[in-house]
Amino acid sequence: MSLSIPNSRAQSRTRSSRAFEAPITPLDGVHPVFHDGRVAVITGAACGIGQAAAVELAKLGLKIAIADVDEAGLAETAKLVSDIIGQSNLLVIPTDVSKKEQVENLRDKVYEAWAEVAVLVNNAGIGPIGKSWEGLDNWHKVFDVNVFGVLNVQQIFVSSMLPQENPSVIINTGSKQGITNPPGNAAYNASKAAVKSLTESLSHELRNLPYANVTAHLFVPGWTWSGLTGSKTGAERHPGTWTASETVLYMLDKVRRGQFYIICPDNETRTEVDQLRIMWAAGDVAEGRPALSRWHKDYKSLFEEYVKDGLESLD
Ligand SMILES: NC(=O)c1ccc[n+]([C@@H]2O[C@H](COP(=O)([O-])OP(=O)(O)OC[C@H]3O[C@@H](n4cnc5c(N)ncnc54)[C@H](O)[C@@H]3O)[C@@H](O)[C@H]2O)c1
């Protein structure tokens, strides 16, 4: 049995043209969450995607609390943000998300100052290599930040956000590597698979509460130029990447539309290719192929044919 592409041709056409002709939809500022005067908390805000999220949310008039372990980077973000919204609408709170008491301190400072959180961008992440059968120390490091850091933030903030009168969102940053599991960094992939799983559970649990004004969203950046992908090395941005702002604006637009899975494209991978890769990965399980068959010598060409056929059927 071969898997079909995930969407009807009509749906894919619409999504394709929106993604490639006008991927970034400006926000109008009247959304109940992305609204002037409301509050955003961003972890991993010293660099890359987190820094861009702080800047873009500040442009929408939100008050901004930025958290990170990198204090020099936080100062850089603070300057960018305060130039937009002023010092009085900014909190800079050095925080290691893997430390529960530091995340509690972050929550306490934000609620003391502003008594609410509208947008929680649970974004801090690291990627030191952990192979399946070695590098256990790196596995612990990666899981401490990417999984337990995300969980600390989620657990400590969501219980405070639930009683709020106005709607709010929690946006957890996952990765395509947590969905399709490409070879290269087993520890990172497993941590991001965990983020996907825990965010799906959060979404389900929230929507089944008798009354909940909080929604969860899984933000899956495409290839984005950031500290993680080389921006701090002084190298020129790779043309295949999106800028962190492009990725953040795409994400904000999808959250604003109420979407749970936000799979961002980039200059190298279009939405339909991601969809086919995700379907193929699911097909490994459903059809009993070898693990990671996309990279298996006996299946690689079948996978390439599957993507080619899938894309041709859209034309
Ligand atoms: N850049 C990409 O192509 C890409 C793709 C998929 C997913 N992501 C994810 O996006 C998120 C943001 O990463 P980025 O690409 O902007 O990288 P980045 O390195 O530029 O930013 C990550 C930030 O997290 C901070 N951080 C690390 N450990 C922390 C801790 N314990 N507590 C608080 N802050 C901590 C870092 O200091 C850094 O400022 C990460 O979760 C990453 O896994 C990135």
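The rules we used
- Residues numbered from 1 in each chain as written.
- Predicted model: local features only at pLDDT ≥ 70, side-chain atom pairs only at ≥ 80, totals over all residues.
- Near = placed C-beta within 6 Å.
- Helix = DSSP H or I, 4+ residues; strand = E, 2+ residues; numbered from the N terminus.
- Nonpolar A, V, L, I, M, F, W, Y, C, P; charged D, E, K, R; others polar.
- Core = buried A, V, L, I, M, F, W, Y, C linked by C-beta atoms within 7 Å.
- Buried ≥ 20, exposed ≤ 12 C-beta atoms within 10 Å, placed from the backbone.
- Contact = placed C-beta atoms within 7 Å.
- Axes fitted to C-alpha atoms, helices over the stretch in contact; angles between N-to-C directions.
- Parallel < 35°, antiparallel > 145°, perpendicular 65-115°, else oblique.
- Expected span 1.5 Å × (residues − 1).
- Arc of directions from axis to C-beta.

- An unreviewed UniProt entry annotates the protein chain as NAD(P)-binding protein of Irpex rosettiformis.

Some thoughts on the site of the ligand
(1) Moving on: Around the ligand there are 30 residues in total, and G44, G48, G125, S226 and G227 lie nearest to it.
(2) Moving on: At three residues, helix α2 (residues 48–59) tops the list of elements feeding residues into the shell around the ligand.
(3) Moving on: Here the residues of the shell around the ligand are counted per class, giving 11 nonpolar, 16 polar and three charged.

Things to note about the nonpolar core
(1) Moving on: The biggest cluster of nonpolar side chains holds 72 residues, and the ones touching the most others in it are A40, V41, I42, A54, I64, I66 and V119.
(2) Moving on: The biggest single contributor to this core is helix α5 (residues 136–161), with 10 residues.
(3) Moving on: Apart from residues lying up to four places away in sequence, V119 is in contact with V33, F34, A40, L57, L62, S168 and V169.
(4) Moving on: Counting residues in each nonpolar core, the second largest holds six residues, with L276, W280, A281 and F303 among its members.

Some remarks on the packing of α2 against helix α3 (residues 71–85)
(1) Moving on: Running from N to C, α2 and α3 point in directions that differ by 5 degrees, and their axes come no closer than 9 Å. Comparing the axis directions of α2 and α3 gives the class roughly parallel. Residue-level inspection shows Q51, A54, V55, A58 and K59 of α2 in contact with α3, the latter providing T77, L80, V81, I84 and I85.
(2) Moving on: Among the residues making up the contact of α2 with α3, the classes are represented as seven nonpolar, two polar and one charged.

Some details on helix α10 (residues 300–312)
(1) Moving on: A rise of 1.5 Å per residue sets the reference length of α10, with its 13 residues, at 18 Å; its end C-alpha atoms lie 18 Å apart and thus fit the reference within 8%.
(2) Moving on: Buried within α10 we find F303, Y306 and G310. All buried residues of α10 lie within an arc of 55 degrees about the axis, which places them on one face of the element. With respect to the buried face of α10, the exposed residues turned more than 90 degrees away are K300, S301, E304, E305, K308 and E312.
(3) Moving on: For α10, the elements touching its buried residues are α9 (271–287).

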